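Structural features, examined
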Amino acid sequence: MDEDLKKKVDVVVGLSRLAGGTLILVGSILLFVFTQAALDPNAVIEINGAPTKDQADKIMAAIFSALFPIAGLFLSFAPAKLLDKWAAKIISRLS
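Predicted model, so just to flag it, every value in this text is computed and none were measured.

**Some points on the side chain of Ser-65**
Within the fold, Ser-65 resides in helix α2 (residues 55-77). Here Ser-65 falls in the buried class, since its relative accessible area comes to 2%. When residues no more than four places from it in sequence are discounted, the contact partners of Ser-65 are Gly-27, Leu-30, Leu-31 and Phe-34.

**Observations concerning a positive patch on the surface**
A contiguous patch of positive charge on the surface is contributed by Lys-81, Lys-85, Lys-89 and Arg-93. Among the structural elements, Lys-81 can be located in helix α3 (residues 80-94).

**A few points about the packing of aromatic side chains**
Applying the stated criterion across every chain yields a total of one aromatic pair. On the basis of an interplanar angle of 90° and a centroid distance of 5.5 Å, the ring pair of Phe-64 and Phe-68 is categorised as edge-to-face. Note that Phe-64 and Phe-68 are positioned in helix α2 at a spacing of four residues, about one turn of the helix. Accessibility expressed as a relative area gives 31% for Phe-68, which makes it partly exposed.

**Things to note about the nonpolar core**
Counting seven residues, the largest nonpolar core is built from Val-9, Val-13, Ala-78, Leu-83, Ala-87, Ala-88 and Ile-91. Sort the elements by how many residues they give to this core and α3 lands first, with four residues. What Val-13 contacts, discounting residues up to four positions off in sequence, is Leu-83, Asp-84 and Ala-87.

What counts, and where the lines are drawn
- Residues numbered from 1 in each chain as written.
- Predicted model: local features only at pLDDT ≥ 70, side-chain atom pairs only at ≥ 80, totals over all residues.
- Heavy atoms only, no water.
- Helix = DSSP H or I, 4+ residues; strand = E, 2+ residues; numbered from the N terminus.
- Buried < 20%, exposed > 50% of the residue type's maximum accessible area, 1.4 Å probe, protein only.
- Contact = heavy atoms within 4.5 Å.
- Patch = residues over 30% accessible without salt bridge, like charges linked within 9 Å, V, L, I, M, F, W, Y side chains within 5 Å.
- Areas by Shrake-Rupley, 256 points an atom, 1.4 Å probe, with all protein chains shown as cover.
- Salt bridge = Lys/Arg side-chain N within 4 Å of Asp/Glu carboxyl O.
- Lys, Arg positive; Asp, Glu negative; His and termini not counted.
- Charge placed at Lys NZ, Arg CZ, Asp CG, Glu CD.
- Phe/Tyr/Trp six-rings, centres within 6.5 Å; stacked < 30°, edge-to-face > 60°.
- Core = buried A, V, L, I, M, F, W, Y, C linked by side-chain atoms within 4.5 Å.

Encoded structure:
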């Protein structure tokens, strides 16, 4: 790998790890809020601008918001070799 590509890969990997940390933080907050809403039968959430108390919708919102911290954990704690290889392929294809 040449020096210019290595610098670009390092930047992309660093930004991926930063994005992963952000996803963990924001996703955990969302998961906490929607889990509380799913456990409270009187809680109201909005879906497409319409308020709903449907239990299935609240559970699906909690499951969907759980995807964010999972993706963040992958980006934050994936092995450096895997992220280097992934970033190098993307950068070389975009160049």
